[in-house]
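# Understanding the architecture of this molecule
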Amino acid sequence: MKQRLQKILSMYGVASRRTAERLIAEGRVKVNGQKARLGDSADPDADDIEVGGRPLAGRPEPRTVLLHKPRGVVCTLSDEKGRRTVRDLLPPDWGRLAPVGRLDIGTEGLLLLTNDGALHQKLTHPSHGIEKEYHVWIEGDVPVAAVKAMSLPMVIEGRPVQPARVSVARRGAASFVLSVTIHEGRHHQVRLMCAEAGLAVNRLKRVRLGFLTLEGVPYGSYRELKPFEIKRLHQATHDHAI
Ligand code: URA
C-alpha cells in the first residue's frame, strides 16, 4: 500500500515524521533510485527506499497496543518540553508505534498505538467514525437541558459536530459521571461540547473504542491486541460496523 514517505520512515523507526520530512527535503531519501520530494508516496513492499544511501531495514514486527493512558502523559512520541510521553510507557525495543488519534494530556483512558500503517489510516479517517465512549466527571448538578444540548447538533469553534449519545453513568451526592459517545475525533471535542453545554469537567476518561474496552488493563499499563481483534478492527472499519 502506498503511503507518504515520512509516514513510512517513521513506522520503520528511521526518524520522527518531522525529521523524516527534513531528510526528504534535504534530498537524502531515494525511491527506486530517484531522489524523493516532500509529498511523495511509496509502497515499502514494492519500492526500493533508501535513506542516506542505505536501504530501509526490514519491516518492523507488526504491533497494535491498547494503552491505559494515565493523566499527565502526552500523546506524542517525543516532546520538546521533556514531558513523559506515551512512548515512555512501552518497551523501548518496540520502536515507533503511532498513537491512533489523540487524548489531551489531562485525559486518561483507552489509546491505541500501532505500526500498522493501513490500520492507522483506516482508524483515523473521519469517514469511519468509530464510536468513542468517554466518562466525564462533572462537578455539581447536570441540568437536563445540558444533556439535551449535547445530544443535539452543536457548533464547536465555528464548525458543526454530530450529536453525542449522552446518559448518566453514575450519580454521586454532589457530582455526576456522564457517558458521552461520539463518532468524530476533533481536538478537545468532549471538553468543548461540555463547555458549550455549561458543564465543568473535572475528569475525562475514554472507556471504549468500538468493541475495545479497558477491561483487564490497569491504569498506566497496556496489552497487545490479539490477531482476531486486529482483524475485527480492519473489518469493522471496512463495514462501518463499530
Ligand atoms: N475530547 C476531549 O476533549 N479531550 C480528549 O482528550 C478526547 C476527547
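Residues numbered from 1 in each chain as written. Predicted model: local features only at pLDDT ≥ 70, side-chain atom pairs only at ≥ 80, totals over all residues. Heavy atoms only, no water.

## Focus on the pairing of strand 10 (residues 132-139)
Most of strand 10 is tucked away, with 7 of its 8 residues classed as buried. Here 8 bridges tie strand 10 to strand 14 (residues 175-182), and the two strands are oriented antiparallel to one another. Looking at the pairing, Lys-132 lines up with Ile-182 of strand 14. When strand 10 meets strand 15 (residues 201-209), the two strands line up antiparallel, connected through 7 bridges. Counted as the bridge partner of Val-136 is Leu-204 from strand 15. (Buried < 20%, exposed > 50% of the residue type's maximum accessible area, 1.4 Å probe, protein only. Helix = DSSP H or I, 4+ residues; strand = E, 2+ residues; numbered from the N terminus. Pairing = 2+ DSSP bridges.)

## Observations regarding the state of the cysteines
For the coordinates displayed, the defined rule picks out 0 disulfides. The closest cysteine sulfur to the non-disulfide-bonded Cys-194 is located on Cys-75, 19 Å from its own sulfur. (Disulfide = S-S within 2.5 Å.)

## Examining the site of the ligand
Near the ligand, the surroundings consist of Leu-103, Asp-104, Thr-107, Tyr-134, His-188, Gln-189, Val-190, Arg-191 and Leu-204. Interatomic distance of 3.4 Å between a backbone N/O atom of Gln-189 and an oxygen atom of the ligand. Here a nitrogen atom of the ligand and a backbone polar atom of Val-190 are 3.0 Å apart. When the ligand is considered free in solution it has 230 Å² of accessible area, and contact with the protein chains removes 97% of it. When grouped by side-chain class, the residues that make up the shell around the ligand number 4 nonpolar, 3 polar and 2 charged. (Near = heavy atom within 4 Å. Polar contact = N/O pair within 3.5 Å; in protein donor to acceptor, adjacent residues only side chain to side chain. Areas by Shrake-Rupley, 256 points an atom, 1.4 Å probe, with all protein chains shown as cover. Nonpolar A, V, L, I, M, F, W, Y, C, P; charged D, E, K, R; others polar.)

## Points about unusual backbone geometry
Even without being glycine, Asn-32 reaches a positive phi, approximately 50°. When you line up the elements, Asn-32 lands in the loop between strand 2 (29-31) and strand 3 (34-35). Positive phi, close to 60°, is recorded for His-188, a residue that is not glycine. Along the chain, His-188 falls in the loop between strand 14 and helix 5 (189-196). His-188 sits in the partly exposed class, given a relative accessible area of 38%.

The values are spatial; any link to function lies outside them.
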